[in-house]
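# Summary of the model geometry
These are the residues of each chain, in order.
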Amino acid sequence: MRLQESPASLVNQRIPEISTTPRSFLAVILSFVCVLSLGIELPASAANAPAAKDKKPKNDPALKGLPITELSPDEAILHALNRLAYGPRPGDVERVRQTGLAKWIEQQLNPNSIDDRALDARLADYPTLRMSTAKLIDEYPQPKQAEKQAEKRAQVQAQQEQRRSDAAAETVARDMQASQGQTKGGGDAEGVQQNTAHAKQEMSDAPAPMKQEQPEGNPATKGLGKRDVLGGADPNNVPRAIADDSKRPQRVVAELGMAKVTRAIYSERQFQQVMDDFWFNHFNVFAGKGEDRYYLTSYERDVIQPHVFGKFKDLVTATAKSPAMLFYLDNFLSADPRAAQRQAAERAARQRWRRGRFGWPAPPRPAGNPQAKKNERGLNENYGRELMELHTLGVDGGYTQKDVTEVARCFTGWTIDKPRQYADFKFDDRLHDPEPKYVLGKKIHAGGMKDGEQVIDLLVHHPSTAKFISTKLARRFVSDNPPPALVSRMAETFKSSDGDIKAVLHTMIWSPEFWSQESYHAKIKTPFELVVSAVRALGTDVDTPMPLVQWVGRIGEPLYQCQPPTGYSDKAETWVNTGALLNRLNYALALAGNKMRGARTDVASLLGVDSTAEPKLALDRAVQVFLGGQAGPTTVETLEKQLDNPQVLQAKLDDVRKQVDLGVVAGLVLGAPEFQRR
């Protein structure tokens, strides 16, 4: 994996900024902004005439087995590739047509049947993906922790030297028949005492609270540091955390971001990657909160990815026990407020029993310790609230504040063992509230950890959960306001299949609503979806994905950096604003124009070398290749007005023959409103 390039190469690859372009070029952007801002839905009449024909695919073998009546075969295949994958690559439409769309979808729903070894080879560049949490903490320590570790290693080495010296001295003394009463120096005992004290301090350390800055901008990224590795100012810059294979802790999250982009671009298991993104966002965890930067690797690898098509209950249970979620929503600190009193009473009873048995006098009662009382742990309701509001029932799911408190009581004792060493899930019965609880009118008193498990079982089988999850899936894959009838059928499948995610998705995909004209091109791509889909559409060869990761952040969706537990929004209004749209066009121009570090695009192979001499031909082919031939009249008119622009036509002053810059043409088309939709 190439992480560094010479300064000269970076100078030659400066990203084109729209603010520096001629006035006529700015008019293009303003037109795009107006079209995107005012017209979220793409009316069927806006499509070109060629796309309007063959609207009723009668008995087309490519569409066999699917309820498709309103879309042409090419439209249906493009629709599937844009919803169930991150957009088509060159040749994908024809490959799916040959396979059959229904068969392709079934393969995507069963990802283990798809060979993805080529992706695995690319992911080998990111060693942190395969590390345990303990190894990540050890190999990528915080700067202060690194100093402590170095000091500790020096102490251990000094103690070993001291022991060897003492052993040698003892041998000499014995040979000289020295005094039998002489003993070794106290170095060993002193070293043991130091190590013991240090170990106790490490074990008692609670993870540091989240340190936040408060920049303006996307509320979802509130608290994101200015130097964050995934949202830098110039995407072509090499962040220090990855420039030299450093051992900075930021590298852990940086590799997560690069791996996520790589999987989305190159994985043959596209639907699995889309669902991984969906569920991670649903059970969001913020990388900027303390130790969570170390826990996220295992969270995505061991908790989210294995369950994306499984049972919803298993997914909820896995997230509830994940150190990443326990830390993020503070449940690892939650305890029955009476736990400290119970433990003190138990200790006192044991002492009385021992003293009474051996006849020892009772010790004087110690004076109260205000600091100990201050450090006592109490009930934390964060996880209980988000479990119901965001993970299962939904905000209108019928629960009360009393239910929130009762759920929090059920999850007391669900904590993290050694959060700064190996961070495993642990149930601590001493912190658990043993009394009966009542959640949604049901008595919860299974005992110990089973109280929390009983709550999960109750919530995932509640009708509100079936509706909430079905609505959220339909919003992601169908439209911002999904048809109520479709949501109702998906919810029924959710209930009848015991929360089988794959079964719910099957109901959605095999519905007429999914393939309706109203659903086609009805969704606005998130920044991540746009960045990845443009790379796939161009067939770009990506050697260094970090600039792409930084572009996602620059457009407004820094990966793993959403601070609130709601995750990033999946509605159009979140992403349609002037600044973000300008960045989208800047990105498209940089990518298509080969101004992106670590990425190589061959636009001529897609549009044809002969198109370099004919601006109109180049534009028509770009619209066909990247938009499936479907561009609204306003888009076509605006683009055609730019064909005489000096940035489109390259020519020397004494050269009458002008050559079309295919990168600019491709970038403009990828920046068009139609490509912003999926």
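Please read these numbers as outputs of a predicted model, since none were measured by experiment.

Secondary structure summary: the protein contains 33 helices and eight strands in total. Long-range pairs, those at least 24 residues apart, make up 75% of the contacts in the protein between residues at least 6 apart in sequence. Of the roughly 31,700 Å² of accessible surface on the protein, a fraction of 52% belongs to carbon and sulfur atoms.

To continue, consider empty space enclosed by the protein. Tallied over the entire structure, the rule returns four cavities of 30 Å³ or more. Estimated volume of the largest cavity: approximately 80 Å³. Around the largest cavity, the lining residues are N82, R83, A85, Y86, G87, V274, R476, K525, E529, S533 and R678. Those elements giving two or more residues to the lining of the largest cavity turn out to be helix 4 (73–83) and helix 25 (527–538). Residue composition of the lining of the largest cavity, grouped by class: three nonpolar, three polar and five charged.

Core analysis: the largest hydrophobic core is formed by 154 residues, its most contacted members being L101, M275, W279 and W515. Examining the composition of this core, we find that ten residues originate from one element, helix 12 (residues 250–266), more than from any other. With near-sequence residues (within four places) excluded, W515 lies in contact with L66, P67, I68, E70, L71, A76, H79, A80, L101, I105 and I509. Judged by nonpolar contacts, the second largest core, of seven residues, contains I524, A572, W575 and V576.

For the rest of this paragraph, the subject is the packing of aromatic side chains. The description of an aromatic ring pair rests on the distance of the ring centres and on the angle between the ring planes. On inspection of all chains with the given rule, the structure shows 19 aromatic pairs. Between Y86 and F528, the ring centres sit 5.5 Å apart and the planes meet at 80°, which makes this aromatic pair edge-to-face. Of the two residues, Y86 is situated in the loop between helix 4 and helix 5 (92–99) and F528 in helix 25; the sequence distance between them amounts to 442 residues. Grouping residues by exposure puts Y86 and F528 together as buried. Between the aromatic rings of Y295 and F327, the centroid separation amounts to 5.8 Å while the plane-to-plane angle is 85°, which identifies the pairing as edge-to-face. Of the two residues, Y295 is situated in helix 14 (residues 292–304) and F327 in helix 16 (residues 323–328); the sequence distance between them amounts to 32 residues.

With that out of the way, let us pick up the pattern of salt bridges. Counted by the stated rule, this structure contains 39 salt bridges. Here D92 makes a salt bridge to R95, at a shortest N to O gap of 2.6 Å. Of this pair, D92 and R95 both sit in helix 5, separated by three residues, roughly a single helical turn. Note that D115 is salt-bridged to R117, the shortest N-O span being 2.9 Å. Members of the salt-bridge network, linked through shared partners, are K260, D277, R476, D480, K523, E529, D570 and R678.

As a further point, take the pairing of strand 2 (residues 424–427). Note that strand 1 (residues 414–417) and strand 2 share four bridges and pair antiparallel. Residue pairing for strand 2: I416 is matched across the bridge by F425. Connecting the antiparallel pair strand 1 and strand 2 is a turn made up of six residues, with K418 showing a positive phi of about 55°.

Looking now at the confidence of the model for the protein. Residues of the protein with pLDDT of at least 70 account for 72%, and the chain-wide mean is 82. When the criterion is pLDDT under 50, residues 40–54 qualifies, and its contacts beyond four places in sequence or with other chains add up to 24 contacts. Across residues 178–217 the pLDDT falls below 50, and counting only partners more than four positions away or on other chains, this stretch makes 41 contacts in the model.

Position of R621 among the secondary structure elements: in helix 30 (residues 615–627). Classification of R621 by relative accessible area gives partly exposed; the value is 27%. C-alpha separation for the pair R621 and V665, spaced 44 residues apart in sequence, amounts to 9.9 Å. For R621, the residues in contact, after removing those within four places along its chain, are L607, G608, D610 and S611.

Moving on, we get to the side chain of Q272. Along the polypeptide, Q272 turns up in helix 13 (residues 270–282). What Q272 contacts, discounting residues up to four positions off in sequence, is P111, V308 and F309.

Two numbers describe a pair of packed helices, the interaxial angle and the distance between the axes. Two elements in contact, helix 30 and helix 32 (residues 662–670), have axes separated by 9 Å at closest approach and are oriented at 45°. On the basis of their axis angle, the class for helix 30 and helix 32 is oblique. Between helix 30 and helix 32 the crossing geometry is right-handed. Contacts between helix 30 and helix 32 involve A618, L619, A622, V623, F626 and L627 on the former and, on the latter, L662, V665, A666, V669 and L670. Taken together, the residues that form the contact of helix 30 with helix 32 break down as eleven nonpolar, no polar and no charged.

The subject of this paragraph is helix 26 (residues 546–555). Taking burial as the measure, the ten residues of helix 26 include nine buried ones, the bulk of the element. What helix 26 keeps buried is the set M546, P547, L548, V549, Q550, W551, V552, G553 and I555. The positive-phi residue at the C-terminal boundary of helix 26 is G556, with phi of around 135°.

For the rest of this paragraph, the subject is the environment of D602. As for its position among the elements, D602 is in the loop between strand 6 (599–600) and helix 29 (603–607). Take D602: its relative accessible area is 46%, and that puts it in the partly exposed class. Along the chain, D602 and L538 lie 64 residues apart, while their C-alpha atoms are 7.7 Å from each other.

The next point concerns unusual backbone geometry. Excluding glycine, most residues fall at negative phi; most peptide bonds, likewise, are trans. The phi dihedral of D330 is positive, around 65°, even though this residue is not glycine. Among the structural elements, D330 can be located in the loop between helix 16 and helix 17 (339–358). Located in the positive-phi region is Y560, a residue other than glycine, with phi close to 65°. Among the secondary structure elements, Y560 is positioned in the loop between helix 26 and helix 27 (572–575). Residue classification places Y560 among the buried residues on the basis of a relative accessible area of 5%.

Let us now look at the environment of F425. For F425, the location among the structural elements is in strand 2. For the pair formed by F425 and A324, sequence separation is 101 residues and the distance between their alpha carbons is 9.8 Å. Leaving out residues up to four positions away in the same chain, F425 has contacts with K321, P323, L326, W414, T415 and M449.

What follows is about helix 14. End to end, helix 14 covers just 15 Å across 13 residues, shorter than the expected 18 Å (1.5 Å per residue, more than 12% under). The sharpest bend along helix 14 measures roughly 30° and falls at S298. Counting buried residues along helix 14, ten of its 13 residues qualify, which places the element largely inside the surrounding structure. Taken together, the buried positions of helix 14 are D292, R293, Y294, Y295, L296, T297, Y299, E300, V303 and I304.

Cut-off values and rules
- Residues numbered from 1 in each chain as written.
- Predicted model: local features only at pLDDT ≥ 70, side-chain atom pairs only at ≥ 80, totals over all residues.
- Heavy atoms only, no water.
- Helix = DSSP H or I, 4+ residues; strand = E, 2+ residues; numbered from the N terminus.
- Contact = heavy atoms within 4.5 Å.
- Areas by Shrake-Rupley, 256 points an atom, 1.4 Å probe, with all protein chains shown as cover.
- 1 Å grid on protein atoms, 1.4 Å probe; cavity = no way out; pocket = protein on both sides within 12 Å on 5 of 7 lines; lining within 4 Å.
- Points joined across faces, edges and corners; volume = space filled by probe spheres on them.
- Nonpolar A, V, L, I, M, F, W, Y, C, P; charged D, E, K, R; others polar.
- Core = buried A, V, L, I, M, F, W, Y, C linked by side-chain atoms within 4.5 Å.
- Buried < 20%, exposed > 50% of the residue type's maximum accessible area, 1.4 Å probe, protein only.
- Phe/Tyr/Trp six-rings, centres within 6.5 Å; stacked < 30°, edge-to-face > 60°.
- Salt bridge = Lys/Arg side-chain N within 4 Å of Asp/Glu carboxyl O.
- Pairing = 2+ DSSP bridges.
- pLDDT = per-residue confidence, 0-100.
- Axes fitted to C-alpha atoms, helices over the stretch in contact; angles between N-to-C directions.
- Parallel < 35°, antiparallel > 145°, perpendicular 65-115°, else oblique.
- Left-handed = near helix turned anticlockwise from the far one by under 90°.
- Expected span 1.5 Å × (residues − 1).
- Bend = angle between axes of the 7 residues up to and from the residue.

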